[in-house]
Amino acid sequence: MPRGRYSLHDPHDRSPLGDEHFHCAPGTSGWRYVSQLTGPSGAPAGSVDLTVDELGRPIRLQLQCSDWQVRGAALDGVTWVRTDPTGEHATEGNAPAHGFTGSSPAFYVAVSRLLRLTPGAPGRRIRLVSFASPVLAPLTVDQSWTLVARTAHPTDSGPLDVDEYEVTALDTGETYAVHLAGDVVLSAPGVELEDLESPPSAFG
């Protein structure tokens, strides 16, 4: 069960946004990721709880940030309920999308499981619902993912495959790289892996 810490920063000016302390693990029904977020001062800033099934579809999502909360799952596309800070009002949303995304590194792993790309194969387009901090406002986005390379790196416990993805935001044309090793993000825009207490889990 990988357990560690990501540091988060603004991908444009690199100003620190805090840390994400996480653990994750594959299971018989899919993969689960749980994390606690802290702000630059170290104060609690929210949480992420994401479970995807064996095909990578989100079967349970819970996000909390600045007293806003989102719960979602794959249902008629994806469906979610967003609750305001007072807890008095909740709004339900639905979109013909394949999954969710946001600032957490968990979503990069989840999308990679959903797409199951192979090196050298054509890229695939995917529609996602993004929840942006700090108010978790939903936004439907279209992306293109391509698995550019898979490189085996020697480790004490055997070779570790590192996948390099090229991700393009189709609304702006912005392209960036995401590096994954199993269910751990090594690097991505606004994300750096700072500590890892155990090796990444390899998906079957």
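Along each chain, numbering runs from 1 in the same order as the chain's sequence is written. Restriction of local features to residues with pLDDT of at least 70 applies here, the model being predicted, together with a cutoff of 80 or more for giving and counting side-chain atom pairs; totals for whole chains, interfaces and linings are based on all residues. Excluding hydrogens and water, the side-chain values take into account all heavy atoms of the structure.

J.: How would you summarise the pairing of strand 2 (residues 16-27) if you had to cite specific residues and measurements?
T.: Strands are treated as partners if at least two bridges between them are detected by DSSP. What counts as a helix is a DSSP run of H or I of at least four residues, what counts as a strand is a run of E of at least two, and both are numbered from the N terminus. Examined bridge by bridge, strand 1 (residues 3-9) and strand 2 share 7 bridges and lie antiparallel to one another. Bridge assignment links Gly4 to a residue of strand 2, and that residue is Phe22. In this structure, the hairpin formed by strand 1 and strand 2 is closed by a connection of 6 residues, where Arg14 is found at a positive phi of approximately 60°. Pairing geometry for strand 2 and strand 3 (residues 30-38), over 9 bridges, is antiparallel.

J.: Account for the nonpolar core, with residues named and values stated.
T.: What is meant by a nonpolar core is a set of buried Ala, Val, Leu, Ile, Met, Phe, Trp, Tyr and Cys residues, joined one to another through side-chain atoms within 4.5 Å. Exposure is judged per residue with a 1.4 Å probe applied to protein chains only, and the accessible area is read against the type maximum: over 50% gives exposed, under 20% gives buried, and values in between give partly exposed. Grouped together as the largest cluster of nonpolar side chains are 46 residues, with contacts concentrated most on Phe131 and Trp145. Ranked by residue count, the leading element in this core is helix 1 (residues 106-115), at 8 residues. Any two residues whose heavy atoms approach within 4.5 Å at even a single point are treated as in contact. Other than its neighbours up to four places away in sequence, Phe131 contacts Leu61, Leu63, Val70, Trp80, Phe100, Thr101, Gly102, Leu136, Ala137 and Pro138.

J.: I'd like a rundown of the side chain of Asp49, residues and numbers included.
T.: As for its placement among the helices and strands, Asp49 is situated in strand 4 (residues 44-53). Looking at Asp49, its side chain comes within polar contact range of the side chain of Arg32, at 2.7 Å. N or O atoms within 3.5 Å of each other form a polar contact, as long as, within protein, one can give a hydrogen and the other can take it, and as long as residues adjacent in sequence are counted only when both atoms are side-chain atoms. A polar atom in the side chain of Asp49 sits 3.0 Å from the side chain of Arg60. Leaving out residues up to four positions away in the same chain, Asp49 has contacts with Arg32, Tyr33, Val34, Arg60, Leu61 and Gln62.

J.: Got a sec to walk through the environment of Ser198? Specific residues and values, please.
T.: Turning to its location among the elements, Ser198 is positioned in the segment after strand 15 (191-196). Sequence separation between Ser198 and Met1 is 197 residues, and the spatial gap between their C-alpha atoms is 6.8 Å. Ignoring any residue separated from it by four or fewer positions in sequence, one finds Ser198 in contact with Met1, Pro2 and Arg3. Of note is the side chain of Ser198, whose polar atom sits 2.7 Å from the backbone oxygen of Met1.

J.: Summarise unusual backbone geometry; cite the residues concerned and give the values.
T.: Residue Ser133 is joined to Pro134 through a cis peptide bond whose omega torsion reads 5°. Within the chain, Arg14 stands out as a residue other than glycine whose phi angle is a positive 60°. Considering the arrangement of structural elements, one finds Arg14 in the loop between strand 1 and strand 2. Classification of Arg14 as exposed rests on a relative accessible area of 54%.

J.: So what about the packing of aromatic side chains? Which residues, and what values?
T.: Pairs of aromatic rings are described using the distance from one ring centre to the other and the angle between the two planes. Here a Phe, Tyr or Trp ring, Trp counted by its six-membered ring, pairs with any other such ring whose centre lies within 6.5 Å, and the pair is stacked when the planes are under 30 degrees apart, edge-to-face when over 60, and tilted otherwise. Applying the stated criterion across every chain, the model contains 7 aromatic pairs. Both rings, one in Phe22 and one in Tyr33, keep their centres 5.7 Å apart while their planes meet at 10°; by these two values the pair is stacked. Here Phe22 is found in strand 2, whereas its partner Tyr33 is found in strand 3, with 11 residues between them in sequence. As far as the burial class goes, Phe22 and Tyr33 line up, both buried.

J.: So, the environment of Val167: which residues are in play, and what are the values?
T.: As for its placement among the helices and strands, Val167 is situated in strand 12 (residues 160-169). Relative accessible area serves as the criterion here: at 0%, Val167 is assigned to the buried category. Here the alpha-carbon distance between Val167 and Arg125, two residues 42 residues apart in the chain, equals 9.7 Å. Once residues lying within four places of it in the same chain are set aside, the contact partners of Val167 are Gln143, Ser144, Trp145, Glu174, Thr175, Tyr176 and Val178.

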